[in-house]
Amino acid sequence: MRRLAPCALMLILALTACGGDSDKATEKPADSRPDSQPETGVEDENKAAARTAAEDFLEALRTGDGEVGCALIDEEAHASVTLTTMNTQAATMEEECEPAFPTYAEGFVGADVAKIGGIEMGTDTRGETPIATVDLVYSDEVEGDTADDLLFWLMDDGEWRIRTVPFGGLTG
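Below, the structure is looked at part by part. Since the model is a prediction, treat every value here as computed from it, not as a measurement. (Residues numbered from 1 in each chain as written. Predicted model: local features only at pLDDT ≥ 70, side-chain atom pairs only at ≥ 80, totals over all residues. Heavy atoms only, no water.)

**Overview of the pairing of strand β3 (residues 114–123)**
Here β3 pairs with strand β4 (residues 130–138) via eight bridges, running antiparallel. Across the sheet, the residue bridging to Glu-120 is Thr-133, located in β4. A loop of six residues connects β3 with β4, the two strands running antiparallel in sequence, and Gly-127 in this loop sits at a positive phi of about 75 degrees. (Pairing = 2+ DSSP bridges. Helix = DSSP H or I, 4+ residues; strand = E, 2+ residues; numbered from the N terminus.)

**Digging into the nonpolar core**
Core analysis: the biggest nonpolar cluster contains 32 residues, and Phe-57, Leu-61, Phe-101, Leu-150 and Phe-152 have the highest contact counts within it. Elements represented by at least two residues in this core include exactly α2 (37–63), α4 (101–106), β3, β4, β5 (149–154) and β6 (160–162). The element contributing the most residues to this core is α2, with seven residues. Beyond its immediate stretch of four places on either side in the chain, Phe-57 contacts Gly-69, Leu-72, Ile-73, Phe-101, Tyr-104, Leu-150, Phe-152 and Ile-162. (Core = buried A, V, L, I, M, F, W, Y, C linked by side-chain atoms within 4.5 Å. Buried < 20%, exposed > 50% of the residue type's maximum accessible area, 1.4 Å probe, protein only. Contact = heavy atoms within 4.5 Å.)

**Points about the packing of aromatic side chains**
Under the definition given, this model contains three aromatic pairs. Seen in terms of ring centroids, Phe-57 and Phe-101 are 6.1 Å apart; in terms of plane orientation they differ by 75 degrees. Their pairing is edge-to-face. Here the residue Phe-57 occupies a position in helix α2, and Phe-101 occupies one in helix α4, the gap between them amounting to 44 residues. For the pair Phe-57 and Phe-101, a shared accessibility class is recorded, and that class is buried. For the pair Tyr-104 and Phe-108, a centre-to-centre distance of 6.2 Å together with 65 degrees between the ring planes defines the contact as edge-to-face. Judged by relative accessible area, Tyr-104 falls into the buried class, the value being 5%. Taken together, the ring pairs connect Phe-57, Phe-101, Tyr-104 and Phe-108 into an aromatic cluster. Seen from the ring of Trp-153, Arg-163 lies directly overhead, with NZ or CZ sitting 4.3 Å from the centre. (Phe/Tyr/Trp six-rings, centres within 6.5 Å; stacked < 30°, edge-to-face > 60°. Lys NZ or Arg CZ within 6 Å of the ring centre and 35° of its normal.)

What follows is the structure in structure tokens.
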């Protein structure tokens, strides 16, 4: 029995020592939880920026503001909303978006009653470029074909722009 007492005491001390350390090992600091916040934060920021761009585009459609409207259309898509003019000084034909935008805006059916609905975030086929699909809802009945959504792409310069211009222009 005398031998058993020191062994039991050593075992109790060893278990107590291990138990104390194991509690500390399993304790998690307050900030050790999986951190999905930055990813969600970026998506929320992108969604908010895309919403702002869409609201600005709708306002440009309502007012015929070519400067704002064309700034929100990717340059490669300007051909969809352009007016060809003669530059007499350079003796060249130039395509200009801004002077043509009011005509485009007049043909955008329902712009005066369109509002931003939901926004769905996605990416291009390679998963590299964020794309926002901005649903349009119309507060009143509208005659004619209306756009269901606007597609905004996050461009290399950090700005959200439309790469595929919804239909518009002069109506019948």
